[in-house]
Structure formats: C-alpha cells, structure tokens
Amino acid sequence: MAKIKKPVFFIVFALILLFAASVFFGVKTYYGDMETVYIKGIDNIRFGIDIKGGVDVTFTSPEDVDATEAQLDAAKEVIVQRMITLGITDYESYIDYNNDRIIVRFPWKESEKNFDPEAAVKELGETAQLTFREGYETDELGNWTGVTAENVILVGADVKEAYAAYTQNDNGEMNWLVSLELTDEGAKKFGEATSRLAETRGVISIWMDETCFSYPTVQTAITDGKAQITGNFDGEEAKALADKINSGALPFKLVTSSFSTISPSLGAGALEAMVLAGIIAFAFISVFMIITYRLPGAVAVISLFGQVAGTLAFISGYFEFVAGSILTIPGIAGIILAVGMGVDANVITSERIKEELDNGKTLYGAIDSGFKRAFSAILDGNVTMILVAIILMGAFGTPDSIFSKMLKFAFFMFGPSTAGTIYSFGFTLLTGVALNLFFGVFCSRMMISSLSKFKIFKNPKLYGGGAKREV
Amino acid sequence: MRFNFDFIKNRKIYFIISAILISVSLLSTFVFGVNLDIQFKGGTILTFLYDGEINQSEFEKTAVDALGGLGVTSTIGEDFTSGRKNIQLSLISNAGLSSDKQIELTNTITEKYSANSIELLESSDVSPSSGKEFFLKCIVAVILSFIVLVVYIAIRFKNIGGWLAGFCGILALVHDCIIVYGTFVICGMSIDANFMAVILTILGYSINDTIVIYDRVRENEILYRKTKTRAEIVNLSINQSLTRSINTSLTTIMAMLVVTIVAAVYGVDSIFSFSFPMMIGMLCGAYSSICFICPLWYLLSEKMDKIKKKNNRGKKRRHA
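From a predicted model like this one, the values you see are computed outputs, not experimental measurements.

## Observations regarding the interface of chain A and chain B
Reasoning step 1: Facing the 63 residues of chain A at the interface are 57 residues of chain B.
Reasoning step 2: Elements that contribute at least two residues to the side of chain A that touches chain B include exactly α4 (117-125), β13 (255-262), α8 (264-316), α9 (329-358), α10 (363-396), α12 (408-411) and α13 (420-451) of chain A.
Reasoning step 3: Counting residues per element, the side of chain A that touches chain B draws most heavily on α8(A), at 14 residues.
Reasoning step 4: Split into classes, the residues belonging to the side of chain A that touches chain B amount to 39 nonpolar, 18 polar and six charged.

## Brief notes about the environment of F167(B)
Residues and elements named next belong to chain B.
Reasoning step 1: Along the polypeptide, F167 turns up in helix α6 (residues 162-186).
Reasoning step 2: Looking at F167, the number of C-beta atoms within 10 Å reads 16, which means it is partly exposed.
Reasoning step 3: Residues F167 and W297 lie 130 residues apart in sequence; the distance between their C-alpha atoms is 8.9 Å.

## Brief notes about the sheet that holds strand β12 (residues 226-230) of chain A
In a beta sheet, neighbouring strands are held together by backbone hydrogen bonds and run either parallel or antiparallel to one another.
All names here are of chain A.
Reasoning step 1: Pairing in this open sheet of three strands is antiparallel, and the strands run β8-β9-β12 from one edge to the other. Each having just a single partner strand, β8 (159-168) and β12 make up the two edges of the open sheet. Each neighbouring strand pair of the sheet contributes to a mean axis angle of 30°, computed without reference to strand direction.
Reasoning step 2: Where strand β9 (residues 174-182) lies against β12, five bridges are found, and the strand directions are antiparallel. Bridge pairing in β12 links V178 to I229.

## Section: the domain arrangement of chain B
Reports of interface size often rely on the accessible area that becomes lost once the parts have come together.
Reasoning step 1: Looking at chain B, the domain boundaries give domain 1 (11-37 + 130-310) and domain 2 (43-126).
Reasoning step 2: Here the C-alpha centroids of domain 1 of chain B and domain 2 of chain B sit 41 Å apart.

## A word on the packing of α6(B) against helix α7 (residues 193-224) of chain B
Residues and elements named next belong to chain B.
Reasoning step 1: Where α6 meets α7, the closest approach of the two axes is 9 Å, and the angle between their N-to-C directions is 145°. The crossing of α6 and α7 is right-handed. Within the contact between the two elements, α6 uses A165, G169, A172, L173, D176, C177, V180 and F184 and α7 uses F195, V198, I199, I202, L203, S206, I207, T210 and Y214.
Reasoning step 2: Counted by class, the contact of α6 with α7 contains 13 nonpolar, three polar and one charged residues.

Calculation notes
Residues numbered from 1 in each chain as written. Chains lettered and ligands numbered in written order. Predicted model: local features only at pLDDT ≥ 70, side-chain atom pairs only at ≥ 80, totals over all residues. Contact = placed C-beta atoms within 7 Å. Helix = DSSP H or I, 4+ residues; strand = E, 2+ residues; numbered from the N terminus. Nonpolar A, V, L, I, M, F, W, Y, C, P; charged D, E, K, R; others polar. Buried ≥ 20, exposed ≤ 12 C-beta atoms within 10 Å, placed from the backbone. Pairing = 2+ DSSP bridges. Axes fitted to C-alpha atoms, helices over the stretch in contact; angles between N-to-C directions. Domains from an automatic or database assignment. Left-handed = near helix turned anticlockwise from the far one by under 90°.

Pasting the structure below:
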C-alpha cells in the first residue's frame, strides 16, 4: 500500500471523529422550543420495553372463532386508533394471520406517573364503537355536546360493509372515497336522517369511540342504503378508514393470550448499568490493545470507536435509507459481540504484522502482507456471523421485512414472533459486524499504512516487532 | 511469543476433559432440574414490590381466592435497584390469565396490602401454545444456522476437506451449547430469551475461533504439504494462532467480566443471567476450538484417509 500518503491518517481520523460527533449529538436546530431534527442523534434511539419498561400484549380471537384476514386488519386498526387516543404513539403492532393473533407492544408513557397498563390493555381489546352522529358539536376537550351527543344516527352494527373505492374526474385524477353498504335497518335510519339534514345542508360526524375522523356535509337524501364518505384521502387513508368502520362491526371480542408489563424503574437501572459497563469495558479494551499492540493497537481503538458510533447510527435511524431499530438488552449484547469481533480482527492483523516483521520483512512489506494474510480469517469469521444474524432477523423480525421473506421456507409454520428482543440482537450484530469489515479492516489499514510513512513511526518496535532491524 | 505445545499428542486428555464437562452438564438436568421460563412453557408471573412484612401463606391465599381457586406459588426476594422487598407470584395455567382476571387480582392485592405500599413491578403472561411455538422457532433457527455454517465452511475450506471441517466445527458448537446449558442449569437460571441470546452469541464466537485456526491450517497446508505431516501442520497452526486466541478471548472475557460485575453491583438480574454464562461460553468456545475440535478433526481426517487408501488398494487389486 505504498500509494497511501501521510495525510491519509489525519483525514480518516478526522472523518471518524466528525461522524461519531454527529452520531452522538445529531444535527438539530432550535427555534424557541421548536426542535428540527436533520440528523437523528443517540437521544433519538428508541429503547425496547425491557429497558424502558412497557407493555407487550398479544390479542387473539376467541377459541371458537376463525377470524378472516379482513376482520384481523379491521381489529388491528381499532387497536391502533385507541392507542393514539390514549396518547401512545411509539407503538409496534402486527398481525399473525395464521394464528389469528395481533401483537402489540408499546413503551411506558413518560409523562404519566400513574399510567395503568392493565386498564389500557383492557380498553384496547374491547370492541370498537362506531357511531354516525348528527352535527359536529364538541366542547374544548373534543367530547361531543349538544345534538351530536344526543342524536346517534347509525352504530357499527348498521353497516354491512365498508370499502375503499375511487372515482376518476375528467382530468384523469383519482378521488378516493369510502363506500358504505348499510343493513336494511341502517338504510332506513340513514334515509330518514339524510332527508331531514339535506334540506339544511347539515353535517353528519363519524366517530370511532370518542374520536371523530370525518364530518361530511349531507348533499342529498340517501335512501338506497349506500353511502359514500368523500374527503381528502389517498388510497391508503381510504382503506384505513374503511377498516376502521368495518371493525366497528367486529363479530368477536379480542382476548389476551399473552400479556407482559415491565415497570420503568426495573428498566432504568438496567440501562444505566449497561451504559456504565460499556464505557468501562471500552476503556479496558483500549488500554489492553495499546499496551499489547502499540501503534496498531492505538489505530484499532480509533476504528473500534468508529464501529460503535456506526452501530449506534444504524439503530437511531441516522441513515435515511435504513429504518432504525429498537434497542433492547440482547441488542446491547449484539453490540458487545460485534465489538469483540472488531477487537479480534485487529488482534489477528496486529499479530500477523508482528509475525511478518519477525520473519525479517521490511515494515511496509510486513504491514502489507500482514493485512493480506489476516483478511481471509477475518472475512470467514465475520461472514459466518452475518449469516447467523440474518437467520435471527428472519426468524424473529416483522413478517414484512426482507429477511423474513427470504427465510419463509424455514419458518413458514410459525407466525410472527413476540420476541422482538432477539431481532434486536440480530440487527446490532449484523450492522456491527458489517461495519467491522469497513472500520476494522479498511480504515485500520489506511491509517496504519499512512502512519508508517512518518519517520517517528518507522521503528518496528512500535508494531511489536522484536528484532532491532532497520527498515 | 512463540508457542510449541503438542496438541495432537495430548488429545486424549482434552477428549476426557470435554467428556467430563459434557456429562456433568447433561447430568445436572436430573440433579437440579430444568427451570424452563414461562416464555417457553406458558404461565403467569406477577412481581410486586412492597415495604414491611408480608405473611407469605396469607398472601398466597388472597391470590387463590381472587383467582377463584387457581393454584399459585410465591417467592420472596429483594429488589436491589430500589432496596425494597419483592414477592413473586407464579401460576401455571393451561389458558393464559385474561387481563380482566389479572386486574382483579392486582386490585385485590393492592387494596389488601395498601399498608405495605405494594405495587406491581412486572407481569408476564404467556399462553402455553405461544410459548411452545417460540421455543420451537428458536430451535429451528439454531438448526438452520448449523446447516448454513456447515455449507459455508465446506465451500471456503475445500482444500482441508471442507465437509469434515464443517462437521467438526458444528460438533464444537454442540459441545459449547451443552456446557452453556449446564451453566444455566447448575446456576438455577431459567431457560429464557436470555439463554437463547447467549447460545447464539457463543455459536458466533466458537465458530469464529474454529475458523481462525482452520484458516491457518488452510494456509499451512499449501505451504508445507510436501514437507510436514498432517499432525505437524495442525500443531503448527494451533500454536501460530494461539497468541491471537488468548488475546482475543482475554479482551472479550474481561469486557464481559466488567459487564457482569457492574450488573451484579446494580443488581440487574436480567443482565447478570446473560453475561455470566456468556463468559463461561466464551472460555469454553476458545477451549473447544483449540484443544478439542482441531485434534478431533485431525483424528477423523486420518481415519478418512485410511479408509480411502483401503478402497483404492481394493480397487487396484480388482483391476489387476
């Protein structure tokens, strides 16, 4: 690697420091209390419920009911709707169609000291109440008042089916809407109400539990039991609304098949301990590497630092093209394991350089062939890790992720798992090991080769070479 | 540092050590019993924090009454994080405990023991069917990893008899998994998601340790094929990579030791039950690659060669 010039070390070093700084602190601007996040920092990392505390619950249909996919979609939509109502926005939820399961996981709400997870879960599982109400009169809290509170035109049971549809106007633009098919009784009630309200251009508001999501103006009397809700929807929003309305007529009550809560106090201690342990362990590794391997050891510390920063970057969602992941305790273990692999890569290389020096090679020659010979072992070790990580992510990831689809053949008989913790382990391991190949091999090599061009760093002793040979 | 140990000559000692470790691990199942976590077997565990004193049998009775006769067991411990006492209530039911019932139980208990300012710390409820599925899924994941690793090693280490090398690498993994399992059982830790994470990490470390030595064998095989015997090549390779094995294991085990100590000081059980067996597994992974698997691979390679030679001779005779 004779081509690598002296300044390369400083460029690589500065880039790693700059990158790490942006990862740790993020790039944000403040305008008063308004915060605009350009690049997510580590305070944007979302922690799993084993660290932060929270609720993990699996709902299923009752044993004697075989729910259809549409019903499950609808039921999930209700649960999501209710979580938003409860102020829970940081939730995860997915559906296991094979086993009629809906898995929901959400962390503790920080603002509320007396958040009652059991009551919240109970509420989530209850059948949703869809109502069509006259007018749109609410108080400042958004609760219905006046005629809206009194006059309920339709309830969920009056809707036979709701689906998303679209019309095309003359310009070829699509207008999405939700079509409703009412039951006979519903049609009658709706016909009466719309005939009355059409005269005054009245409003009908549509509610799920206590949240209003649409309040169209009545244009004409509708007596044929078919209604349309128009609005500013795109296709997805129209489908979501249709799901919500369908769920109002869900034929079964959801029951909980597994339910865990972890108190935030239990998790907080764990996080603190892990951060402290991580810092001490990193300091220890740094000292050991520098004492044992001197110059290559010091370079190894820099690239390990880059690797850790890179892993955290992938978790926090620093890179726009990769969605971040939730960090759990096994996830932190994955980081530790990957750091261990990073240490190993640097140890293997440093040992090889030492060996080549002892065999009488020149410094340049030793560095060059040291890296070359070490590479096959490092590559094979890291690739096997990557393979295991991919299998874990496929087995324990959300069903729509790429690895899950790849490994569908092996795990076809299983539904999506509730063990998000193991997925997090696979995620941090995969990113950590991949980054190790970049930092521990590529960056380390550039830095060492560049440093070896400096006169003061030409002494083979700095590379662990025992003999007093000149370069 | 240059080492010159004869691992091949001393192989019998290592085989005996491994046999003892494996037997102890497997036998401990019968002596101590396996503590399968409810994540796998299903059931309910509720942990409450409280101050003062609580009569355990009375507490259990309250719970049984609230649940309408379901059997419960309880254990009392101390919560290091908050310095308060905790009582853990576990019940094994065929169907998961519904959230309605759980609320009822928690309400009854918090009301009755309000003087102890009791509060729910943690609750976990898993239905047996989803527990079993999770367990099976873990096993399928491990088996699939094994298959993928064997194939990868077979391809990458063709020149040193890839399939046999892959097979031996997997044997090392099984060896290490059994010993990690034994550590869990002997320490009375429950087999849960942490156990799976440890097993998977050790799989990674152990196969990496083995691969680093294989890599040396692969290289030396090309350099010394004509001048050295197989035993010499294997010994040379293990010794050449020994400093690396020691230094890497030392750093990672020490890093894990830091985590273990900090976890013990903070009293974070969920991390301790993870980092301690991890250390044992790392030690074991390094040992199995150096002392157990490479000599075993040597032994099996020699046997295979003999069989091949015999077949060849047989063929020749028949042709003549």
